[in-house]
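# Analysis of the macromolecular model
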Amino acid sequence: MPKGSVAITAERCKGCGFCVEFCPTHVLELASAFNAKGYHPPHMINAEKCSGCNLCGMYCPDFAIFGYRFPDGKQSEKGGDA
Amino acid sequence: MHADPRCVLTGTHFINGDAACCEGALAAGARFAAGYPITPSTEIVERFAARAPKVGGLFIQMEDELASSIALQGMVWAGQKSFTVTSGPGYSLMMEHIGFAAITETPCVFVDVQRGGPSTGLPTLPAQGDMMQARFGSHGDYLTIALCPNSPQECFDLTIKAFNLAEKFRVPVMFMMDECVGHMTEKVVIPAADQIEVQPRRHASKPPSEFKLFEPGPDLVPEMAHAGEGYKVYVTGLTHDKRGYPLMNPQSQRELVTRLFDKIRRAADELTIIEAEGLDDADVVVVSYGITSRVAQRAIQMARDKGLKVGKLRLICVWPFPEKVIRDLAPKVKALVVPELNMGQVVLEVERCASGQCRVISVPHPGGTVHKPAEILAAIERGAR
Amino acid sequence: MSSVELHVHNPVEDLLRQDRIPTIWCPGCGIGTTVNSFAHALLGLGIDLKKTSIVSGIGCSGRVSGYMNLDSFHTTHGRAIPFATGLKLANPELNVIVYSGDGDLTSIGGNHLIHAARRNIDLMVVCVNNMIYAMTGGQAAATTPGTSMSTTTPYGAFEPELNMPQLVDAAGACFVARWTAFHVKQLERTMAKALNKKGFRFIEVLSPCPTYYQRKNNLGDALAAMVDYKKRSKIKNGCNTWETALLPGGDIIVGEFVDREREDYLTLMRRQLGSNYTEFPPQAEEEAERCCSEC
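Residues numbered from 1 in each chain as written. Chains lettered and ligands numbered in written order. Predicted model: local features only at pLDDT ≥ 70, side-chain atom pairs only at ≥ 80, totals over all residues. Heavy atoms only, no water.

## Considering the overall build of chain C
Put simply, the rule is: Put simply, DSSP marks the helices as runs of H or I at least four residues long and the strands as runs of E at least two long, and each gets a number from the N terminus on. When accessible area is computed with a 1.4 Å probe and restricted to protein chains, residues below 20% of their type maximum are described as buried, those above 50% as exposed, and intermediate ones as partly exposed. Each accessible area is a Shrake-Rupley result for a 1.4 Å probe, and residues are judged covered by the shown protein chains and nothing else. The convention is simple: Lys and Arg are positive, Asp and Glu are negative, and His and the chain ends are not counted. To locate a charge, take NZ of a lysine, CZ of an arginine, CG of an aspartate or CD of a glutamate.
When helices and strands are counted, chain C shows twelve helices and eight strands. C-alpha atoms of chain C, sized along the principal axes, occupy 80 × 55 × 35 Å. The buried share of chain C, taken over its 295 residues, is 61%. As displayed, chain C has an accessible area near 11,400 Å², and 53% of this comes from carbon and sulfur atoms. A distance of 6 Å separates the average location of the 28 positive side-chain charges in chain C from that of its 30 negative side-chain charges.

As structure tokens, then:
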């Protein structure tokens, strides 16, 4: 059961790969698909390993990804803080 | 709004132009200044450094004129009125931030106590060689306002005017003194605070959610919000849109630069500040400003004593140039005589506006002292022939 | 996109001007990464954002001010610090942060950096050091290390490079630190610590410039630079700043080097002026006038 997940705004991504490289649990990989600007945004390949630590969000220079933890280990979140 | 009585040194004083300028700034509401020592302007901020803390203000001596001329703008965006004071070489260093003040519409006053140049030139000897620099010194296109006092009393009165115009039009105002006016000691009458009109900051009248920092009002001047008020202002020296966001394209440039011009051009009548005497039947009119107007006064009297019909036109506000006044005058006179303590600067504007309808006689002087009245008299006589 | 993602929110977004994103920064530029650390530091402390101003000069890093949803001042090249000085002195309630680049702060603005540190003006200065003039196209900077290539040093640079921590330490800064864009969490903690301190605080952050510095020197892409930072960095808190020079291929000394107590400019001013300084509440003119006319 994963402890968290990531939210990706693919259109903001410039494909630098920081999030993939520095994810401590190797959750991410750059997709083969392109976004509208011609970059390969990341996607999750090991979603179950995500701890929601947000290190990807801290590294992303383009504010295109961030991690979040599920409340009390539950997989879905109703209200959120949006 | 009236001046704050706590800042006004009401009474009759025997002080020099530099001191009077300092008192004018305080009366106008300036409590902060940034500057760098340079003769013959420093006495203004020396006095300010002593006076300002007594009214909760501060003079900071910065590391150079580049720093002074931008620190003062930080003070303005923090909600204060502020100014800087310098002389030729320092004025050259400040040019970059006159442009910044113009494009960000930061109301502030640059005092230039002119001395002979170029470069280090003539410290502590007078000139009026920075007049074109006051108009065109910073790169790109902008308009500013420049006032020229000719006495310590005017150093007081017109410094207040300079701050008021800066606030009203949101422009940097150039206060173009010279060494003679700065160091001349005369009687200066400082009125009671309730006799001094002060233009307050044109502050945002809308809440942050509805406010755009560079949205022009009916007179093309936008309202201003300060740091720390919740408006999340965005101030940039880049060409920007009404929100202040950078928008660098020909349309945006046209809109912004045209407005920066038009807000001053539209007010041409209000900004025509002159002293005129005997123009109606004059054959020759002497056009002068600053200290030179006082020498011209003597020359005019000498010419009149010889029976010549001579008028006096003193430019108190040199920029924007009073184009209409010269255009109206040129067809009616034989000659316009323009003495100035430079090799011929403002005379170029007089020639432009006279458009060949009368003779325009420049009486140049490289500075270091003032004209001899006889030099101006000779030009008057030449013009009257 | 799952329903989960629709309900979550990146807190950093609250600190950005959303209508200005995407940024102008190149793919892999580390400036945005440093902004994340800065945003988390601000949010973590619960600082009054209404009273927080950010001031930049010119250059790639100079654009940070305009992306932050704060009072933003994008000033002239090199002059962010004197503008910020004026802002702070005229309204001491403001938290004023200067965020700019190495060329802007240390070269064209070097004199202002020295004197703001000497005066101990209450400012936090973040200097993003990409070791090159990037916005103008990859020219050598005062910080370009060793014999690096740049567009103005086509045969390799030969001017010795500037060591910023040593400079600002000598000038009197009360807090001096260096991290790289790789050290996102350490940078956040250091920024939070600096935000809580009074006086002149200086944080240098090394950041990749894949478009110019990395490319001109065959150092690979931005990711390679980040991995290089990770490998070469040595944390030495409290290190003498004269040991922190950045040399090509050498250790990158990072950490919090200086954390000293010094009274800031306004404290010194108030003490020295003593009774010559008078608090000056704004004039309540309208009330006064109304009172008089009715009486």
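## A word on the packing of helix α3 (residues 65–77) of chain B against helix α4 (residues 88–104) of chain B
Residue and element names in this part refer to chain B. This is how it is decided: In this description, a line fitted to the C-alpha atoms serves as the axis of each element, helices being fitted only across the stretch in contact, and the angle between N-to-C directions of two axes falls anywhere from 0 to 180 degrees. Geometric relationships in this document are graded by angle, where less than 35 degrees denotes roughly parallel, more than 145 denotes roughly antiparallel, 65 to 115 denotes roughly perpendicular, and other angles denote oblique. For any helix crossing, the convention is left-handed if the near helix is rotated counterclockwise from the far helix by under a right angle, and right-handed if that rotation is clockwise. Contact definition: two residues touch when any of their heavy atoms are within 4.5 Å. Charged means Asp, Glu, Lys or Arg here, nonpolar means Ala, Val, Leu, Ile, Met, Phe, Trp, Tyr, Cys or Pro, and polar covers whatever is left, Gly included.
At a minimum axis distance of 7 Å, the contact between α3 and α4 shows a crossing angle of 30°. Between α3 and α4, the interaxial angle falls into the category roughly parallel. Here the hand of the crossing between α3 and α4 comes out right-handed. For the pair α3 and α4, the contacting residues are E65, L66, S68, S69, I70, Q73 and W77 in the first and G90, L93, M94, E96, H97, F100, A101 and T104 in the second. Residues that form the contact of α3 with α4 fall into these classes: seven nonpolar, six polar and two charged.

## Examining the sheet that holds strand β3 (residues 95–101) of chain C
Threshold: Here, strands pair whenever DSSP counts at least two bridges between them.
Spatial strand order, β10(B)-β2(C)-β1(C)-β3(C)-β4(C)-β6(C)-β5(C)-β8(C)-β7(C): nine strands in an open sheet with mixed pairing. The sheet is open, and its two edges are formed by β10 (234–236) of chain B together with β7 (233–235) of chain C, each paired on a single side. Averaged over neighbouring strand pairs, the angle between their axes works out to 20° when direction is ignored.

## Considering the interface of chain C and chain A
Heads up, the condition is: Take the accessible area each of two parts loses on contact, using a 1.4 Å probe, and add the two losses: that sum is the buried area. Should a side-chain nitrogen of Lys or Arg be within 4 Å of a carboxyl oxygen of Asp or Glu, the pair is scored as a salt bridge. Polar contacts here mean pairs of N or O atoms no more than 3.5 Å apart (in protein, one a potential hydrogen donor and the other a potential acceptor; neighbouring residues in sequence count only if both atoms are side-chain atoms).
Taken together, the 37 residues of chain C in the interface contact 34 residues of chain A. Carbon and sulfur atoms supply 64% of the area buried between chain C and chain A, which totals about 2,800 Å² over both sides. The interface formed by chain C and chain A contains one salt bridge. Salt-bridge contacts for E13 of chain C lead to R12 of chain A; the nearest nitrogen and oxygen are separated by 2.8 Å. Linking chain C with chain A are nine residue pairs in polar contact (both at pLDDT 80 or more). Elements with a minimum of two residues in the side of chain C that touches chain A: α1 (3–7), α2 (31–45), α8 (184–195) and α10 (222–232) of chain C.

## Section: the packing of aromatic side chains
Under the convention used in this document: Pairing of aromatic rings covers Phe, Tyr and Trp, the last counted by its six-membered ring, and requires centre-to-centre distances within 6.5 Å; plane angles under 30 degrees mean stacked, over 60 mean edge-to-face, and any other angle means tilted. Criterion for a charge above a ring: Lys NZ or Arg CZ within 6 Å of the ring centre, and within 35 degrees of the ring normal.
Across all of its chains, the model carries 16 aromatic pairs over all chains by this definition. Plain terms: the ring middles of F22 of chain A and Y59 of chain A are 4.5 Å apart, the flat faces sit at 25° to each other, and that makes the pair stacked. Highlighted residues: F22 of chain A in helix α1 (residues 18–22) and Y59 of chain A in helix α2 (residues 55–59), separated in sequence by 37 residues. Accessibility assignment for this pair places F22 of chain A and Y59 of chain A in one class, buried. With a centroid separation of 5.1 Å and 85° between ring planes, the pair formed by F48 of chain B and F83 of chain B is classed as edge-to-face. Of this pair, F48 of chain B sits in helix α2 (residues 42–51) while F83 of chain B sits in strand β4 (residues 81–86), placing them 35 residues apart in sequence. Neither F48 of chain B nor F83 of chain B differs from the other in exposure class; each is buried. Through a chain of ring-to-ring contacts, three or more aromatic side chains come together here, namely W77 and F100 of chain B together with F73 and F83 of chain C. For the cation-ring pair, R6 of chain B lies above F280 of chain C, with the distance from its terminal atom to the ring centre recorded as 4.0 Å. The aromatic ring of Y245 of chain B is capped on one face by R20 of chain C, whose charged end is 5.7 Å from the ring centroid.

## A look at the side chain of T33 of chain C
Inspection of the secondary structure puts T33 of chain C in helix α2. Once residues within four sequence positions are removed from consideration, T33 of chain C is found in contact with F18, M58, Y59, C60 and P61 of chain A together with A181 and V184 of chain C.

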